[in-house]
Amino acid sequence: MEKVLIYDQEKCTGCRSCVVGCSLYHEGECSKILSRINVVRNERSGESFVAGCDLCTDPPCAAVCPTGACALDPKMGISKIDQNKCIGCRECLIHCPFGAIGIHPVNKKSFKCDLCEGRSEGPVCADWCPSGAITWVSPEIAAKTKKRVKLQERINAATKAKEVS
Amino acid sequence: MAVMTKQQAKHFAEMNDFFLDLLNLLKEKGIINNQEHRVMLLTGFEKLVLNLEKKKIISVKEAKDAIAKGFTSLVYALAK
Amino acid sequence: MYGWAGQRLRIDLTKGNIIKEPLSSEYRRKWIGGRGFNSDVIYNEVPPDMDPFDPRTRVCFGMGPISGTAAPSTGRVTVSCKSPLTGGFGDSSMGGHWGAEVKYAGYDQIIIQGRAKKPVYIWMDDDKVEIRDASHLWGKFPRDADTIIKQELKDEDIHIMSIGPAGENLVRFACTFNDIWRAAGRTGHGAVIGSKNLKGIATRGSGSVKIARPKEFFAVCNRLRQMFKNDPMKMGLYEYGSLCLINFANRDGWLPWKNLQYGGTPLANNMSGETHSKTVLKHREGCYACPICCGRFTHINEGKWAGEEFGGPEYEHAVPTGPRVGIIEDANDIWHNARLTNDLGMDGIETGAVISAAMEWYQRGLITAKDTGGLELEWGDEAVVDQLIQDIAYRRGFGNILADGGDRASDKLGLGDKGHYYTITTRGMSLPGDDPRGLGFGYGLSFAVGTRGGCDHLRSLCCLELSGALYPGLNTKILGDERPAKPTTTVGKPYMVYYEENQKTVTDCLNVCCFTTHWSYAVLTQDQLDYFNACTGMDMTLEEFLEVGERVYNLERAYWARLMSGAREDVVPERFTKEPMPQHVDYQTNVGATLPIDEMLPKYYKYRDYEPGTGFPSERTLKKLGLDYVADDIRPLRKRYMSESEQKKKKYYY
């Protein structure tokens, strides 16, 4: 199966390397508002969250699009927005559960991640993420890894409980 | 091309901090001019080696050795 | 305009004026940005005899052309002023995200002058700038000011620079933060900002930084970011923060114990990055566009401080109010003390340094409990340290004396030269957690000559000797010799310091993080030039680029010359030259070491082309750097510096 972007929120450091890389790669400028991926920071608590496209296999953004501008690209496994067809109604933005769609500051149309289509190394955000909060992996490997990590956590907790008792 | 004597090379090799003195000697001998002295002081040893290689003061091999092994290799090459 | 925004903001708080000043191409080529812009303004606009709290003084926030771009680590801001601690040139650098936000709002620099009639803060909303009431924020910790401002402006995503209560109370080493926790720690600009009745600057920037050659710029940034993936320093810093240095510092004898009487302690591992990550690390954090992410967020889980949390600490932040004052047994005490200096808004280094100086005065009987308001300054007494940190911030009791810094405190207490022996300062500012008898002789040399005063590791940041062992061949490539990679040798150090100072200065002009290009050498000067040229299109040569570093450095040196500070003041604390390093653990590598500064200083002067008698920059070099007006300024001062009356003066601060 094609690779997907997986977000491990606990690892996000809030550095925005993904944001600035995405903006530079796609738009040739460095900014937050031109990026297809976003990072929310809470400096007071030290927490950060990355809001990126989750590559839904049945994307709500495509389902609500009135013109068909937003549609699933089956080869890439991600929904894409055709800028020519987009009428800027923002329904996709409202319905995305992950806040992954933005309004382009110049043409006022919706824009979103396209997995850096054509880049041999894969998406810039995953490539540049220093902490592994964003990875570009096959879903099977992501699932297996997660299971293994979670199982190890349960074993550690059980061992600790046993030592205490 | 011999820019210095073997004695001078030995003196440099034993110095605690050689770079400015070496650049001063090369300027004195007319190997590098004022501007080059300035550039290489700012930018470091590798630039000096490449400059000397370009001028054929030292050979390609001697330049390579100098960058790998450091200034003692360079000063002895300059004393040949 | 590529890279730069092309303008700076000048805000006069007396008049309430907000002026946008364009920055010409010549100006940007000459100074690049960040520290370069700031140093130029401070030199020209803050005369040597001006009181640091005079309303006419300036405090500058400098961003660079690279700030806010995709190059590695571009969030930093340089804050510069005439220091209330030293009386001389002062600056400091902070990480975070505010610097990028200011660039996106459209400014390369902010200059603050004048004094508001009552507490205010500045709200920069892209091109709309206004001065707002801050009476409800005065007295608040930065974390609370941050929360209130965000609620008031109805935007949780803005970035805010602010001071804490210590700055408001004019503690001479109060500091500045952005994003609550990222501190510009040193030289006391927090107090200058406080003296202007300014609480902070909130910024929303929805613009962008334009790039001259985007594909080329992306290629350079990408290449460098790939290098960071396997970089050994990155891995240590990411995993354990700058606290990854603790065990190395302890082994090599540069971790301050009891005011640098020793270079470490057998229990150092209590506060190592490894221990921190297993006990109190809640989150890792990263500054803007950083591939390293050395930031920490600490949450204390047990003991009397359980529940306290804060962003940080760094090595330099935790050590002074930890081992330097004899605290190591309970690391939670160290984290708590770091939390305090953050919330109160004071330089952790100077706070710990002044307390440890006082403790040594007490140890040696120079002061007694009568002088301290009854406090018994025993090493390692957390209750005393906890109280003193707060007393300093609020200028209470003995804390009020310490709040002016170690050398002024020594004079106030009438301790004479003996008191100054234990303050471990140069030009009035204290050494951080880097004993040069172990950290390295290159660092030691740079402590004597650094242009923000102080035994200051960040003027040279001689990582060619600190991290050199991790990058075999690098010393040879730059210096022509691998032997200087050894910290405790004088071989090659004069040139190393000259090179590193220039390189660090230009790094500060770009305002990128020196962790990417010292500490870690994933980025070299040529790489910086590559991304600078692709970003700005200015196409400098390598020598022009490094010459900017040399220019700014000489300008700062000339600032000190105008204060009659030169060769006679290029000294390190006598502890380093007189006291051989004692042993604290059996695996220590520098037992018996002293700093042979006299073997290195004269040669360094030759590299810098300083005049041997005065230590002032030479006329020849100043002219070469396009600083003719500076040469004119200091020409008449040479004779005065060499006069008998001037020679008799002992200057610990200015």
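The structure displayed is predicted, hence computed values, not measured ones. (Residues numbered from 1 in each chain as written. Chains lettered and ligands numbered in written order. Predicted model: local features only at pLDDT ≥ 70, side-chain atom pairs only at ≥ 80, totals over all residues.)

K.L.:
Can you explain the overall build of chain A? Please cite residues and give values.
P.N.:
Helix and strand content of chain A: 5 helices and 9 strands. Listed by position from the N terminus, the elements making up chain A come as β-α-β-β-β-α-β-β-α-β-β-α-β-α. A principal-axis box enclosing the C-alpha atoms of chain A has dimensions of 65 × 35 × 30 Å. Considering chain A as a whole, with its 165 residues, one finds that 41% of them fall into the buried category. Taking the intrachain contacts of chain A between residues at least 6 apart in sequence as the baseline, contacts between residues at least 24 apart amount to 56%. (Helix = DSSP H or I, 4+ residues; strand = E, 2+ residues; numbered from the N terminus. Buried ≥ 20, exposed ≤ 12 C-beta atoms within 10 Å, placed from the backbone. Contact = placed C-beta atoms within 7 Å.)

K.L.:
Provide a residue-level description of the overall build of chain B, including the pertinent values.
P.N.:
In terms of regular secondary structure, chain B is built from 6 helices and 0 strands. Helices and strands appear in chain B in the N-to-C order α-α-α-α-α-α. Projected onto its principal axes, the C-alpha positions of chain B cover 25 × 25 × 20 Å. A burial count over chain B gives 38% of its 80 residues as buried.

K.L.:
I'd love a proper account of the environment of F141(C), names of residues and values included.
P.N.:
All names here are of chain C. Mapped onto the secondary structure, F141 falls in the loop between β8 (128-133) and α4 (142-152). Between the alpha carbons of F141 and L198 there is a distance of 14 Å; along the sequence they are 57 residues apart. Excluding residues that lie within four positions of it along the chain, F141 makes contacts with G164 and D343.

K.L.:
Go over the sheet that holds strand β9 (residues 159-163) of chain C, please, and point to the residues and values.
P.N.:
Residues and elements named next belong to chain C. On the basis of which strands lie adjacent, the open sheet formed by 6 strands has the order β8-β7-β12-β9-β10-β11 and mixed pairing. A single partner strand is all that each edge strand has here, and the edge strands are β8 and β11 (182-184). Each neighbouring strand pair of the sheet contributes to a mean axis angle of 20°, computed without reference to strand direction. Summarising the sheet, β9 and strand β10 (residues 176-178) pair through 3 bridges and their orientation is antiparallel. (Pairing = 2+ DSSP bridges. Axes fitted to C-alpha atoms, helices over the stretch in contact; angles between N-to-C directions.)

K.L.:
So what's going on with the arrangement of the chains? Which residues, and what values?
P.N.:
Counting contacts across all 2 pairs of chains found in contact, the highest total belongs to chains A and C. Chain A shows no contact with chain B. Their nearest C-alpha atoms sit 30 Å apart.

K.L.:
Talk me through the interface of chain C and chain B; I want residue IDs and the actual numbers.
P.N.:
Between chain C and chain B, the residue contacts involve 23 residues of the former and 14 residues of the latter. Elements represented by at least two residues in the side of chain C that touches chain B include exactly α22 (474-479), α23 (493-510), α25 (542-562) and α27 (601-608) of chain C. Partitioning the side of chain C that touches chain B into residue classes produces 9 nonpolar, 5 polar and 9 charged. (Nonpolar A, V, L, I, M, F, W, Y, C, P; charged D, E, K, R; others polar.)

K.L.:
Run through the nonpolar core, naming residues and quoting values.
P.N.:
Counting 263 residues, the largest nonpolar core has C18(A) and Y121(C) as its most contacted members. Ranked by residue count, the leading element in this core is α25(C), at 10 residues. In this structure, C18(A) is in contact with I37(A), V39(A), V50(A), C125(A), W128(A), C129(A) and I134(A), ignoring residues within four places of it in sequence. (Core = buried A, V, L, I, M, F, W, Y, C linked by C-beta atoms within 7 Å.)

K.L.:
Can you break down the sheet that holds strand β15 (residues 295-299) of chain C residue by residue, with the values?
P.N.:
All names here are of chain C. With respect to topology, 3 strands assemble into an open sheet ordered β14-β15-β16, the strand pairing being antiparallel. At either margin of the open sheet sits one strand with a lone partner, and together these are β14 (281-285) and β16 (309-311). Across the sheet, the mean angle from the axis of one strand to that of its neighbour is 15°, orientation sign disregarded. Across 4 bridges, β14 lies against β15 in antiparallel orientation. Counterpart to R284 in the pairing with β15 is R296.

K.L.:
Explain unusual backbone geometry to me, using residue names and the numbers behind them.
P.N.:
All names here are of chain C. Of note, the amide linkage connecting G312 to P313 takes the cis form, showing an omega dihedral of -5°. Relative to the helices and strands, P313 is located in the loop between β16 and α11 (315-318). Unlike most non-glycine residues, A289 shows phi in positive territory, near 60°. Mapped onto the fold, A289 is located in the loop between β14 and β15. Residue classification places A289 among the buried positions, given that 32 C-beta atoms sit within 10 Å. Residues other than glycine seldom take positive phi values, yet N511 does so here, at roughly 60°. Structurally, N511 is set in the loop between α23 and α24 (525-536).

K.L.:
Please provide a residue-by-residue account of the interface of chain A and chain C, values included.
P.N.:
Many analyses report the size of an interface as the accessible area lost when the parts associate. Counting residues at the interface gives 23 residues for chain A and 35 residues for chain C. With 5 residues, the top contributor of residues to the side of chain A that touches chain C is helix α1 (residues 17-27) of chain A. When grouped by side-chain class, the residues that make up the side of chain A that touches chain C number 9 nonpolar, 8 polar and 6 charged. With 2 bridges joining them, strand β2 (residues 29-30) of chain A and strand β13 (residues 209-210) of chain C adopt antiparallel strand pairing. Its bridge partner being in β13(C), E29(A) is matched across the sheet by K210(C).

K.L.:
Report on α24(C), specifying residues and quantitative values.
P.N.:
Residues and elements named next belong to chain C. Taking 1.5 Å as the rise per residue, α24 with 12 residues should run 16 Å; its terminal C-alpha atoms sit 16 Å apart, in good agreement. Most of α24 is tucked away, with 11 of its 12 residues classed as buried. Along α24, the residues classified as buried are T525, D527, Q528, L529, D530, Y531, F532, N533, A534, C535 and T536. Against α7 (214-229), α23 and α25 lie the buried residues of α24. Just downstream of α24, G537 is the residue with a positive phi angle, here 75°. (Expected span 1.5 Å × (residues − 1).)

K.L.:
Describe in detail the packing of helix α2 (residues 35-45) of chain C against α25(C), supporting the description with residues and values.
P.N.:
Residues and elements named next belong to chain C. Here α2 crosses α25 at 30°, and the two axes come no closer than 10 Å. Our classification of the angle between α2 and α25 gives roughly parallel. For α2 against α25, the interelement crossing comes out left-handed. Within the contact between the two elements, α2 uses R35, G36, S39, D40 and Y43 and α25 uses V548, V552, L555, E556 and Y559. Residues belonging to the contact of α2 with α25 are distributed by class as follows: 5 nonpolar, 2 polar and 3 charged. (Parallel < 35°, antiparallel > 145°, perpendicular 65-115°, else oblique. Left-handed = near helix turned anticlockwise from the far one by under 90°.)

K.L.:
Describe in detail the pairing of β9(C), supporting the description with residues and values.
P.N.:
Each regular strand carries side chains that alternate between the two faces of the sheet. All names here are of chain C. Summarising burial for β9: 5 of the 5 residues are buried, a large majority. Both faces of β9 are covered, namely the face carrying H159, M161 and I163 and the face carrying I160 and S162. Bridge count between β9 and strand β12 (residues 198-204): 4 bridges; the pairing is antiparallel. Note that in β12 the partner of S162 across the bridge is G200.

K.L.:
Would you mind going over the confidence of the model for chain B in detail, with residue names and values included?
P.N.:
One rule of thumb: low pLDDT means the predicted coordinates there are not for detailed reading. In the predicted model, chain B carries a mean pLDDT of 94, and the fraction of residues at 70 or more is 99%. Across the interface, the model reports ipTM at 0.97; the global pTM reads 0.96. (pLDDT = per-residue confidence, 0-100.)

K.L.:
Can you tell me about the packing of helix α5 (residues 60-69) of chain B against helix α6 (residues 71-78) of chain B, naming the residues and giving the values?
P.N.:
Residue and element names in this part refer to chain B. Running from amino to carboxyl end, α5 crosses α6 at an angle of 150°, the nearest separation of the two axes being 6 Å. One element, α5, and the other, α6, form an angle in the roughly antiparallel class. Contacts between α5 and α6 involve E62, D65, A66 and K69 from the former and S73, L74 and A77 from the latter.

K.L.:
Describe the environment of T67(A), with residues and values.
P.N.:
With respect to the element layout, T67(A) can be found in the loop between α2 (60-64) and β5 (70-73). Leave out the neighbours within four places in its chain, and T67(A) touches K85(A), C86(A) and I87(A).

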